[in-house]
Amino acid sequence: MSYQHEHIPYYDPLDGYSRIASIFSQYHKQLTKRDGNAIRQYLPRTVKGLSVLDLWWGDGRRAKQLATAWVEKRTIIDGTQGLLDRAPWRTETICSNLLNPLPIADASYDLILCTFVVLHLEWLENLMVEARRCIKPWWRMLMVHHHERRPFVHDTWVEQFKIKTWHWPWNQITEALEEASREVDCFDVDNETKIFCCFPR
(Lines give C-alpha, C1' and ligand atoms only; values in the text may rest on other atoms or scores of the structure.)
Protein backbone atom coordinates (compact mmCIF):
# COMPACT_ATOMS: atom_id res chain seq x y z
CA MET A 1 0.00 0.00 0.00
CA SER A 2 2.63 2.45 -1.05
CA TYR A 3 2.21 5.93 -2.45
CA GLN A 4 5.59 5.87 -4.18
CA HIS A 5 4.51 4.52 -7.55
CA GLU A 6 4.05 6.75 -10.58
CA HIS A 7 3.74 4.49 -13.60
CA ILE A 8 0.77 2.31 -12.75
CA PRO A 9 -2.76 2.39 -14.24
CA TYR A 10 -5.53 4.74 -13.09
CA TYR A 11 -9.11 3.54 -12.54
CA ASP A 12 -12.21 5.61 -11.97
CA PRO A 13 -13.59 5.40 -8.39
CA LEU A 14 -16.37 2.92 -9.21
CA ASP A 15 -14.05 0.46 -10.91
CA GLY A 16 -11.22 0.96 -8.44
CA TYR A 17 -13.28 0.43 -5.31
CA SER A 18 -15.07 -2.53 -6.87
CA ARG A 19 -11.68 -4.19 -7.15
CA ILE A 20 -10.91 -3.76 -3.43
CA ALA A 21 -14.41 -4.06 -1.92
CA SER A 22 -13.44 -7.09 0.16
CA ILE A 23 -10.43 -5.32 1.73
CA PHE A 24 -11.70 -1.73 1.81
CA SER A 25 -11.42 -1.62 5.60
CA GLN A 26 -7.63 -1.62 5.27
CA TYR A 27 -7.75 1.81 3.69
CA HIS A 28 -8.79 5.35 4.68
CA LYS A 29 -8.25 4.93 8.41
CA GLN A 30 -9.16 8.60 8.96
CA LEU A 31 -12.81 7.68 8.38
CA THR A 32 -12.76 5.59 11.54
CA LYS A 33 -10.48 7.56 13.82
CA ARG A 34 -10.11 11.30 13.23
CA ASP A 35 -13.11 12.14 11.03
CA GLY A 36 -15.42 9.63 12.65
CA ASN A 37 -14.91 10.95 16.16
CA ALA A 38 -15.47 14.53 14.98
CA ILE A 39 -18.78 13.66 13.34
CA ARG A 40 -20.30 12.68 16.68
CA GLN A 41 -20.23 16.30 17.87
CA TYR A 42 -22.66 17.45 15.20
CA LEU A 43 -25.22 14.64 15.18
CA PRO A 44 -28.70 15.37 16.55
CA ARG A 45 -29.00 13.52 19.85
CA THR A 46 -32.28 14.68 21.32
CA VAL A 47 -34.67 13.90 18.44
CA LYS A 48 -35.96 10.34 18.20
CA GLY A 49 -36.93 8.60 14.98
CA LEU A 50 -34.38 10.26 12.69
CA SER A 51 -34.26 9.33 9.04
CA VAL A 52 -30.72 9.35 7.64
CA LEU A 53 -29.45 9.34 4.07
CA ASP A 54 -25.82 8.25 3.89
CA LEU A 55 -24.31 9.43 0.61
CA TRP A 56 -21.34 7.11 0.14
CA TRP A 57 -21.57 4.12 2.37
CA GLY A 58 -18.07 2.73 1.91
CA ASP A 59 -17.83 -0.30 4.19
CA GLY A 60 -20.17 1.02 6.85
CA ARG A 61 -17.60 1.98 9.44
CA ARG A 62 -19.56 5.15 10.32
CA ALA A 63 -22.27 3.05 11.95
CA LYS A 64 -20.61 3.51 15.34
CA GLN A 65 -20.86 7.27 15.01
CA LEU A 66 -24.55 7.05 14.10
CA ALA A 67 -25.16 4.90 17.16
CA THR A 68 -25.09 8.12 19.22
CA ALA A 69 -28.21 9.39 17.42
CA TRP A 70 -31.81 8.13 17.48
CA VAL A 71 -31.92 6.67 13.97
CA GLU A 72 -35.12 4.94 12.87
CA LYS A 73 -34.63 4.83 9.10
CA ARG A 74 -31.37 4.71 7.17
CA THR A 75 -30.75 4.60 3.45
CA ILE A 76 -27.22 3.98 2.27
CA ILE A 77 -25.84 4.90 -1.13
CA ASP A 78 -22.62 3.94 -2.81
CA GLY A 79 -21.42 3.65 -6.37
CA THR A 80 -19.92 0.22 -5.73
CA GLN A 81 -22.35 -2.66 -5.40
CA GLY A 82 -19.63 -4.83 -3.88
CA LEU A 83 -19.49 -2.49 -0.87
CA LEU A 84 -23.28 -2.25 -0.53
CA ASP A 85 -23.43 -6.06 -0.52
CA ARG A 86 -21.38 -6.02 2.68
CA ALA A 87 -23.98 -4.06 4.64
CA PRO A 88 -24.33 -6.03 7.91
CA TRP A 89 -27.90 -5.11 8.73
CA ARG A 90 -31.24 -4.66 7.04
CA THR A 91 -31.49 -1.25 5.48
CA GLU A 92 -32.36 0.26 2.14
CA THR A 93 -29.45 0.36 -0.29
CA ILE A 94 -29.15 2.29 -3.56
CA CYS A 95 -26.29 1.86 -6.00
CA SER A 96 -25.63 5.25 -7.57
CA ASN A 97 -22.70 7.31 -8.82
CA LEU A 98 -24.60 10.49 -7.82
CA LEU A 99 -24.61 11.71 -11.42
CA ASN A 100 -28.34 11.11 -11.89
CA PRO A 101 -31.42 11.82 -9.74
CA LEU A 102 -31.84 9.38 -6.88
CA PRO A 103 -35.01 7.24 -6.65
CA ILE A 104 -36.02 9.07 -3.48
CA ALA A 105 -39.05 11.26 -2.80
CA ASP A 106 -38.55 14.95 -2.03
CA ALA A 107 -38.06 15.98 1.61
CA SER A 108 -37.64 12.43 2.88
CA TYR A 109 -34.72 12.68 5.33
CA ASP A 110 -33.85 14.55 8.50
CA LEU A 111 -30.11 14.14 8.19
CA ILE A 112 -27.79 13.65 5.21
CA LEU A 113 -24.25 12.39 5.74
CA CYS A 114 -21.78 13.14 2.99
CA THR A 115 -18.31 11.96 3.98
CA PHE A 116 -15.34 11.25 1.78
CA VAL A 117 -17.47 11.87 -1.32
CA VAL A 118 -16.43 15.13 -2.95
CA LEU A 119 -12.97 13.99 -4.03
CA HIS A 120 -14.61 11.17 -6.01
CA LEU A 121 -16.88 13.51 -7.99
CA GLU A 122 -15.97 15.42 -11.11
CA TRP A 123 -19.02 17.68 -10.68
CA LEU A 124 -20.58 19.04 -7.48
CA GLU A 125 -23.85 20.33 -8.89
CA ASN A 126 -25.77 17.04 -8.90
CA LEU A 127 -24.72 16.25 -5.34
CA MET A 128 -25.95 19.62 -4.08
CA VAL A 129 -29.22 19.46 -6.02
CA GLU A 130 -30.06 15.99 -4.76
CA ALA A 131 -29.08 16.72 -1.16
CA ARG A 132 -31.24 19.83 -1.16
CA ARG A 133 -34.15 17.94 -2.73
CA CYS A 134 -34.05 14.91 -0.42
CA ILE A 135 -33.67 16.68 2.91
CA LYS A 136 -36.61 17.91 4.98
CA PRO A 137 -36.98 21.66 5.60
CA TRP A 138 -35.01 22.95 8.58
CA TRP A 139 -32.88 19.85 8.93
CA ARG A 140 -29.20 19.42 8.22
CA MET A 141 -26.49 17.89 6.09
CA LEU A 142 -23.07 16.99 7.46
CA MET A 143 -20.28 16.97 4.92
CA VAL A 144 -16.79 15.82 5.84
CA HIS A 145 -14.05 16.48 3.32
CA HIS A 146 -10.45 15.35 3.61
CA HIS A 147 -8.02 17.01 1.23
CA GLU A 148 -5.89 14.16 -0.10
CA ARG A 149 -2.48 15.41 -1.20
CA ARG A 150 -1.46 12.11 -2.77
CA PRO A 151 -3.33 9.73 -5.09
CA PHE A 152 -4.85 6.59 -3.66
CA VAL A 153 -2.66 3.60 -4.55
CA HIS A 154 -3.51 -0.07 -4.25
CA ASP A 155 -0.26 -2.02 -4.26
CA THR A 156 -0.03 -5.77 -3.77
CA TRP A 157 1.97 -8.54 -5.41
CA VAL A 158 -1.15 -9.31 -7.47
CA GLU A 159 -1.84 -5.87 -8.92
CA GLN A 160 -1.13 -2.17 -8.64
CA PHE A 161 -3.39 0.73 -9.55
CA LYS A 162 -4.38 4.24 -8.58
CA ILE A 163 -7.92 5.56 -8.11
CA LYS A 164 -8.70 8.85 -9.78
CA THR A 165 -9.73 11.72 -7.52
CA TRP A 166 -10.63 15.37 -8.00
CA HIS A 167 -8.96 17.90 -5.75
CA TRP A 168 -11.63 20.50 -5.02
CA PRO A 169 -10.34 23.70 -3.37
CA TRP A 170 -11.95 24.59 -0.05
CA ASN A 171 -13.41 27.81 -1.46
CA GLN A 172 -15.23 25.97 -4.27
CA ILE A 173 -16.77 23.47 -1.86
CA THR A 174 -17.83 26.30 0.45
CA GLU A 175 -19.35 28.31 -2.40
CA ALA A 176 -21.32 25.31 -3.67
CA LEU A 177 -22.68 24.60 -0.19
CA GLU A 178 -23.57 28.24 0.45
CA GLU A 179 -25.48 28.41 -2.82
CA ALA A 180 -27.58 25.39 -1.82
CA SER A 181 -27.98 26.28 1.89
CA ARG A 182 -29.41 29.04 4.00
CA GLU A 183 -26.63 28.52 6.54
CA VAL A 184 -23.23 26.79 6.47
CA ASP A 185 -21.00 26.32 9.49
CA CYS A 186 -17.44 25.10 8.90
CA PHE A 187 -15.25 23.41 11.51
CA ASP A 188 -11.62 22.40 11.16
CA VAL A 189 -10.78 18.86 12.23
CA ASP A 190 -7.15 19.35 11.28
CA ASN A 191 -5.17 21.11 8.53
CA GLU A 192 -6.52 18.78 5.85
CA THR A 193 -10.02 17.96 7.07
CA LYS A 194 -13.13 20.08 7.53
CA ILE A 195 -16.70 19.39 8.61
CA PHE A 196 -19.44 21.46 7.01
CA CYS A 197 -22.76 21.57 8.84
CA CYS A 198 -25.34 22.79 6.33
CA PHE A 199 -28.97 23.78 6.65
CA PRO A 200 -30.45 23.64 3.13
CA ARG A 201 -32.82 26.32 1.87
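Figured I'd write up the structure that's included with this text. On a predicted model such as this, the values are computed, not experimentally measured, just so you know.

### Some points on the packing of aromatic side chains
Summed over all chains, the structure comprises one aromatic pair. With centroids separated by 6.4 Å and ring planes inclined at 45°, the aromatic side chains of W170 and F196 adopt a geometry described as tilted. Here F196 lies in strand β10 (residues 193–200) and W170 lies in helix α6 (residues 170–180), a separation of 26 residues in the sequence. Judged by its relative accessible area of 22%, W170 falls in the partly exposed class. F196 sits in the buried class, given a relative accessible area of 0%. Above the plane of the ring of Y11 lies R19, whose end atom (NZ or CZ) is 4.0 Å from the centre. Looking at K194, its charged tip hangs above the ring of W170, at a distance of 5.1 Å from the centre.

### Let's talk about the environment of H120
Within the secondary structure layout, H120 lies in the loop between β5 (109–115) and α5 (125–134). Along the primary structure H120 and W168 are separated by 48 residues, whereas in three dimensions their C-alpha atoms are 9.8 Å apart. For H120, the side chain forms a polar contact with the main-chain oxygen of F116, separated by 3.1 Å.

### Here we look at unusual backbone geometry
Phi is positive for L98, which is not a glycine, with a value near 65°. Following the sequence through the fold, L98 ends up in the loop between β4 (92–95) and β5. Overall, the relative accessible area of 5% leaves L98 in the buried class. Phi at F116 takes a positive value of approximately 60°, unusual for a residue other than glycine. Considering the arrangement of structural elements, one finds F116 in the loop between β5 and α5. Using a relative accessible area of 4% as the deciding quantity, one classes F116 as buried.

Conventions used here
- Residues numbered from 1 in each chain as written.
- Predicted model: local features only at pLDDT ≥ 70, side-chain atom pairs only at ≥ 80, totals over all residues.
- Heavy atoms only, no water.
- Phe/Tyr/Trp six-rings, centres within 6.5 Å; stacked < 30°, edge-to-face > 60°.
- Helix = DSSP H or I, 4+ residues; strand = E, 2+ residues; numbered from the N terminus.
- Buried < 20%, exposed > 50% of the residue type's maximum accessible area, 1.4 Å probe, protein only.
- Lys NZ or Arg CZ within 6 Å of the ring centre and 35° of its normal.
- Polar contact = N/O pair within 3.5 Å; in protein donor to acceptor, adjacent residues only side chain to side chain.

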